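Structural description and commentary
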Amino acid sequence: MATTLAAIGTAKGLFLARSDDDRRSWSLTGPHFGMSEVYSAAIDTRGGRTRILAGAMSWHWGPMVVRSDDLGATWVDTERGAVRFPEGTDAAVARVWQLAPAPADQPGVVYAGVEPSALFRSTDGGETFSLVEGLWNHPHRKEWQPGGGGQALHTVLPHPTDPARVLVAMSTGGVYRTGDGGESWSPANRGILADFLPGEEPEYGQCVHKVARNPQRPEQLFAQNHGGVYRSDDGGDRWVSIVDGLPADFGFPMVADPNAPGSVFVFPIVSGEERFPPERKCRVYRTDDAGATWSALTNGLPSDPHYGAVLRDGMCADDADPVGVYFGNRNGEVYATADRGESWQQIAAHLPPVLCVKAAVLPEPA
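Residues numbered from 1 in each chain as written. Predicted model: local features only at pLDDT ≥ 70, side-chain atom pairs only at ≥ 80, totals over all residues. Heavy atoms only, no water.

**A few points about the sheet that holds strand β15 (residues 186–187)**
Our working definition: Here, a strand pair is defined by DSSP locating no fewer than two bridges between the strands. Counting from the N terminus, the helices are the DSSP runs of H or I reaching at least four residues and the strands are the DSSP runs of E reaching at least two.
Within the open sheet, the four strands sit side by side as β12-β13-β14-β15. Their pairing is antiparallel. Single-partner strands in this sheet number two, and they are β12 (152–158) and β15. In the sheet, strand β14 (residues 174–178) pairs with β15 via two bridges, with the strands oriented antiparallel. Considered in β15, the bridge of Arg177 is made with Ser186.

**Side note on the pairing of strand β10 (residues 118–122)**
Under the convention used in this document: Exposure classes here rest on a 1.4 Å probe applied to the protein chains alone. A residue is buried below 20% of its type maximum, exposed above 50%, and partly exposed in between.
Burial analysis of β10 places four of its five residues in the buried class, which makes it a mostly covered element. What sits between strand β9 (residues 110–115) and β10 in their antiparallel hairpin is a turn of two residues. Two elements, β10 and strand β11 (residues 130–131), share two bridges in a ladder whose sense is antiparallel. Looking at β11, one finds that Phe120 is bridged to Leu131.

**Comments concerning the nonpolar core**
Put simply, the rule is: Only buried residues count toward a nonpolar core. Its members are Ala, Val, Leu, Ile, Met, Phe, Trp, Tyr and Cys residues joined through side-chain atoms within 4.5 Å. The contact rule is simple, with two residues in contact once any of their heavy atoms fall within 4.5 Å.
With 18 residues, the main nonpolar core has Phe265, Phe267, Val284, Leu301, Met315, Phe327 and Trp344 as its most contacted residues. Apart from the residues within four sequence positions on either side, Val284 is in contact with Phe265, Val266, Phe267, Ser295, Ala296, Leu297, Leu301, Met315, Phe327 and Trp344. Counting residues in each nonpolar core, the second largest holds 17 residues, with Leu53, Val65, Val96 and Leu131 among its members.

Here it is in structure tokens:
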């Protein structure tokens, strides 16, 4: 039976949940590097081997990217944390918010999004990183402002077929994209509102919370905004609202089903001022028609009044078929489904607040 691994980053270390029976039962280990805040994780299965990456922030040692090639039995870091600004930039990495391996035809390439908003690129599987200077030197950068959680570049979407194309999103700043390997970047926010800025549709400055896409339909994008849920059918040239049918327009995660173009999952919360699920109900919502309609998925989720919010990387999908979806909340609970949300089970509880979850089906041993 296939083995599935879920990496759960929390405010006090990384936990690893493992299922060896096609996601029916789970075992948990951790915390790994306890007392470090783990804001990002990735499970890199390219080339038939598994490498776990984690973006940890220790209040003693500072931010670092750590890695394991033996499913968490041992961990290695790189001197000075792997991700650091070059001398002369007058900046220091505060947190690593995103770790994103590139597609399989770019072995070794891993992207890191950090705070303050910047993008780094590795060509050795996450052991060392270099600053993508084209974005760092963008003339808009001086006007990007911190969101409620910090000035985070939290979304990195390498294009599935064109290595020169990468899309990023940040809070605040919005969506930016490159078509020349990172040399130049342009904002891609037409149609996304920012009710905290003058005017209805600024060129940039939006507080986009997360962007997702299906690799089979790469020009169709979905975004959860700080107030608003959107879809683009042209790679970000223009966005339209798809919030109708959802109980709220606020939330953080946006997760695509890799097997089903037009199918995404969200976890709404009331608003930026009231960060609880609407009606105090624990509900994941799924669309299978690119946002024309939404369905609430509740079977197996708590039925009592619920107050747990899910952060932007607190929800993810694996690469199985049917897809598994996972989410963890600020209450330290983690839930999983092996059938696209039709039924859920709790796979962990009483953890520290969950900051990120990443999951993957592991390759068969050689």
